[in-house]
Amino acid sequence: MDLIDLYQHPALWHIPYDLLKEREPYQNISHKAMPTLEEHYGFIRSHPYQAWYLIKTPLGKITGCVYLSRQREIGIGILKKHRGQGLAKQAIAELMKRHPGRFLANIAPGNQESISLFEHFGAKLIQYTFEMDPK
């Protein structure tokens with residue numbers, strides 16, 4: 001497994017968009033509505049993360065993405081057809097190796113798969129965050 005810098009490969013910027021399209025509502029903590037593809041490309045062009053990688057298997061398949069925000073938050077997404085192979089654990093371990101230090105992960109409370117994944121690395125719950133949207 002290898003991590004490839006997403007910012008350096010514009011032809012593959014559709015991969016994180018494909019991940020967004022596959023995301024279940026219980027997994028979301030940041031998206032209220034699906035962005036357009038052009039909005040998504042604009043987001044990538046803004047370099048929102050300290051590091052954003054494509055996850056590549058030894059056979060050359062791109063299987064998902066992992067990122068590290070400027071606040072040292074880890075985000076991970078594996079395309080549905082590649083889940084259950086341990087790729088998320090491998091990608092997070094490699095990200096942590098490349099960027100040593102303290103890490104955070106914002107996870108929707110109903111996303112037990114991600115909670116278990118980060119607990120594997122010794123993560124512990126430190127806060128609940130509430131949102132208020134007075135309209």
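Residues numbered from 1 in each chain as written. Predicted model: local features only at pLDDT ≥ 70, side-chain atom pairs only at ≥ 80, totals over all residues. Heavy atoms only, no water.

A. A look at the sheet that holds strand β2 (residues 49-56). One open sheet accounts for four strands, arranged β1-β2-β3-β4; its pairing is antiparallel. Sheet topology places β1 (2-5) and β4 (74-78) at the edges, where each strand pairs with a single neighbour. The sheet shows a mean angle of 25 degrees between the axes of neighbouring strands, taken without regard to direction. (Pairing = 2+ DSSP bridges. Helix = DSSP H or I, 4+ residues; strand = E, 2+ residues; numbered from the N terminus. Axes fitted to C-alpha atoms, helices over the stretch in contact; angles between N-to-C directions.)

B. Here's a closer look at the pairing of strand β3 (residues 62-69). Within β3, seven of the eight residues are buried, leaving the element largely enclosed by the surrounding structure. Pairing of β2 with β3 involves seven bridges; the strand directions are antiparallel. Bridged to I55 within β3 is G64. Bridge count between β3 and β4: five bridges; the pairing is antiparallel. Bridging from a neighbouring strand, Y67 pairs with G75 of β4. A loop of four residues connects β3 with β4, the two strands running antiparallel in sequence, and R72 in this loop sits at a positive phi of about 70 degrees. (Buried < 20%, exposed > 50% of the residue type's maximum accessible area, 1.4 Å probe, protein only.)

C. Region of the structure containing the packing of helix α3 (residues 87-98) against helix α4 (residues 112-120). Interaxial distance between α3 and α4 falls to 11 Å at its minimum, and their mutual angle equals 45 degrees. As summarised for this structure, α3 and α4 are arranged oblique, according to the angle between their axes. Two packed elements cross with a definite hand, and for α3 against α4 that hand is right-handed. Counted together, A88, K89 and I92 of α3 and L117, F118 and H120 of α4 form the full contact between these two elements. Within the contact of α3 with α4, the residues separate by chemical class into four nonpolar, one polar and one charged. (Parallel < 35°, antiparallel > 145°, perpendicular 65-115°, else oblique. Left-handed = near helix turned anticlockwise from the far one by under 90°. Contact = heavy atoms within 4.5 Å. Nonpolar A, V, L, I, M, F, W, Y, C, P; charged D, E, K, R; others polar.)

Don't take any of this as a statement about function, it's just geometry.
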